[in-house]
Amino acid sequence: MPADPLTAALFNAFSPPSFDLGGENVHLWQASLSQPEPLHRQLSAFLFPDELERAARFYFERDRHRYITARGFLRLLLGAYLQTDPARIRLSYNEFGKPKLDAPHRTRLNFSLAHAQDKVIYSFTPGCRVGVDLEHVRPMPDEDHFAAMFFSDRESRLLGALSGAEKTASFFRLWTCKEAYLKAVGAGLAGELNQVEVAFMPTGEARFLSLGGDLDRAQQWLLELFTPWEGFQAALTVEAPNGNPGIFSGHIINRDLPYLASPAKRTDQGAP
C-alpha cells in the first residue's frame, strides 16, 4: 500500500489492478477542479518549485487553485501507476510545454491532460502516443473567422453550411479533434491546425482524413469524440500499435475520481 494517504485512498477506491494498463488499454480519468481547501493543500504539496512558481503567476486565485489542483491530480495518478511518491516524480517539458516523465521514472507510460473551466481529463497509455482535449461549448460569434484561420477549406465549407447550435457543436468537435492530435505529437497550438483534417462519418464518429497532407499517416491514429459533462466536448486520439489501427484490441476505460471530484457517472467498460 502506498505511504502517501491520497495515493492510498486512490488504491482503496479502485484497487491496484485499476492502474495496470496492460496490453493496449487506454485509461481516461476525469475530475472537477473545484475542490475543498484541505484537499487543495494536500495536492499542492506534491508540486515541484517550478510548478508552484508557474501557479503564482496566475492573476486570479481561482486560476491558481485550478492549476495546482490539476497538476496535483496528475502527480497523484502518475504515482498510482508508477507505485511511487507523487512528490518525487520528475517531469520534463518539450519546447511547447508538453510534460513527460523524466529520469529516474522514464517508462513506456504516456499521458496527456486537458482542462476547461473547472473540469480536467487525463489519459494514459502503455507506450502509444496519446492526446486528449477538452473544451467548454459556448456560442462563438467569430466561428467563421476561426475556421478560416485554422480549418481546412473542406472543414470551413462544412461549418459554413450550418447555423446556430449545430454549427457551434460542429466547431468544437472539429477543434477538439485537431488539438488532441497536436497534443499527442507534442506540438500544442504551435502546430498547424489546418493541416490536421477531420471527417465526420454518417454514424457521428470522427476520423482523421489527412495529417499534413499525408493520407496514410492519418489512418494510423484512432480518434474518439465524447461528452464527459453536459456543455463540454472532448476528443481522444491514440497512435495505433505498429501504425495499424486494425490491431488495436484494447479498451478505452473512463473513470471518475469519486472521492475527490464532484459526483458524476462512472463508466468502467468500453468507449466513452
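Residues numbered from 1 in each chain as written. Predicted model: local features only at pLDDT ≥ 70, side-chain atom pairs only at ≥ 80, totals over all residues. Heavy atoms only, no water.

Quick look at the overall build of the protein now. When helices and strands are counted, the protein shows 8 helices and 11 strands. Going through the 272 residues of the protein one by one, you find that 50% of them count as buried. Across the protein, the fraction of contacts at a sequence separation of at least 24, relative to all contacts at a separation of at least 6, is 60%. Summing over all exposed atoms, the protein offers an accessible surface of approximately 13000 Å²; the carbon and sulfur share of this is 50%. (Helix = DSSP H or I, 4+ residues; strand = E, 2+ residues; numbered from the N terminus. Buried < 20%, exposed > 50% of the residue type's maximum accessible area, 1.4 Å probe, protein only. Contact = heavy atoms within 4.5 Å. Areas by Shrake-Rupley, 256 points an atom, 1.4 Å probe, with all protein chains shown as cover.)

Where burial is concerned, most of strand β4 (residues 109-116) is hidden: 6 out of the 8 residues are buried. Pairing between β4 and strand β5 (residues 119-126): 8 bridges, direction antiparallel. Looking across to β5, one finds that His115 is bridged to Val120. As consecutive antiparallel partners, β4 and β5 are separated by 2 residues, and within that stretch Gln117 has a phi angle of approximately 55°, a positive value. (Pairing = 2+ DSSP bridges.)

Spatial ordering of the open sheet is given by β6-β10-β9, a layout of 3 strands whose pairing is antiparallel. Edge positions in the sheet fall to β6 (130-136) and β9 (221-226), since each has one partner strand and no second. Taken over all neighbouring pairs, the strand axes of this sheet differ in orientation by 10° on average, direction set aside. Inspection of the sheet shows β9 paired to strand β10 (residues 232-239) by 6 bridges, in the antiparallel sense. For Leu225, the partnering residue across the bridge sits in β10 and is Ala235. Lying over the sheet, helix α7 (residues 164-184) contacts β6, β9 and β10, oriented at roughly 145° with respect to β6. (Axes fitted to C-alpha atoms, helices over the stretch in contact; angles between N-to-C directions.)

Mapped onto the elements of the fold, Gln35 is located in the loop between β1 (26-32) and α2 (37-44). Among the polar contacts made by the side chain of Gln35, one reaches the main-chain carbonyl oxygen of Ser32 at a distance of 2.7 Å. (Polar contact = N/O pair within 3.5 Å; in protein donor to acceptor, adjacent residues only side chain to side chain.)

A few words now on the confidence of the model for the protein. Considering every residue of the protein, the mean pLDDT works out to 83; 82% of them sit at 70 or more. The spread of mean pLDDT over the elements of the protein runs between helix α1 (residues 5-14), the lowest at 68, and β6, the highest at 96. Of the regions scoring below 50 in pLDDT, residues 259-272 engages in 34 contacts with residues more than four places distant in sequence or in other chains. (pLDDT = per-residue confidence, 0-100.)

Of the pockets and cavities examined, the largest pocket occupies roughly 780 Å³. Looking at the lining of the largest pocket, the elements that each hand over two or more residues are α4 (61-82), β4, β6 and α7. Here the element with the most residues in the lining of the largest pocket is β4; it accounts for 6 residues. Per-class residue counts for the lining of the largest pocket are 11 nonpolar, 7 polar and 9 charged. (1 Å grid on protein atoms, 1.4 Å probe; cavity = no way out; pocket = protein on both sides within 12 Å on 5 of 7 lines; lining within 4 Å. Points joined across faces, edges and corners; volume = space filled by probe spheres on them. Nonpolar A, V, L, I, M, F, W, Y, C, P; charged D, E, K, R; others polar.)

What follows concerns the pairing of β6. Every regular strand shows the same layout, with side chains that alternate between the two sheet faces. Among the 7 residues in β6, 6 count as buried, and that is most of the element. One ladder, built from 7 bridges, connects β6 with β10; its direction is antiparallel. Pairing of Leu134 across the sheet is with Ala234, part of β10.

To continue, consider unusual backbone geometry. One non-glycine residue, Gln83, lies in positive phi territory at about 55°. Overall, Gln83 belongs to the exposed group, its relative accessible area being 67%. The residue Gln117 is not glycine, and still its phi comes out positive at about 55°. Looking at where Gln117 falls in the secondary structure, it is placed in the loop between β4 and β5. Looking at Gln117, the relative accessible area reads 42%, which means it is partly exposed.

In terms of nonpolar packing, the biggest core is built from 30 residues, with Phe73, Leu74, Leu78, Tyr122 and Phe124 touching the most fellow members. Elements supplying a minimum of two residues to this core: β1, α2, α4, β4 and β5. Excluding residues that lie within four positions of it along the chain, Tyr122 makes contacts with His27, Leu28, Trp29, Thr69, Ala70, Phe73, Leu74, Leu77, Ser112 and Leu113. Membership of the second largest hydrophobic core comes to 25 residues, among which are Phe151, Leu182, Ala184 and Ala218. (Core = buried A, V, L, I, M, F, W, Y, C linked by side-chain atoms within 4.5 Å.)

Take the packing of helix α3 (residues 49-56) against α4 next. Where α3 contacts α4, the two axes come as close as 8 Å, and the packing angle between them is 155°. Between α3 and α4, the interaxial angle falls into the category roughly antiparallel. α4 is crossed by α3, and the crossing has right-handed handedness. From α3, Glu51, Arg54, Ala55 and Ala56 reach across to α4, where they touch Arg64, Tyr67, Ile68, Arg71 and Arg75. Taken together, the residues of the contact of α3 with α4 break down into 4 nonpolar, no polar and 5 charged. (Parallel < 35°, antiparallel > 145°, perpendicular 65-115°, else oblique. Left-handed = near helix turned anticlockwise from the far one by under 90°.)

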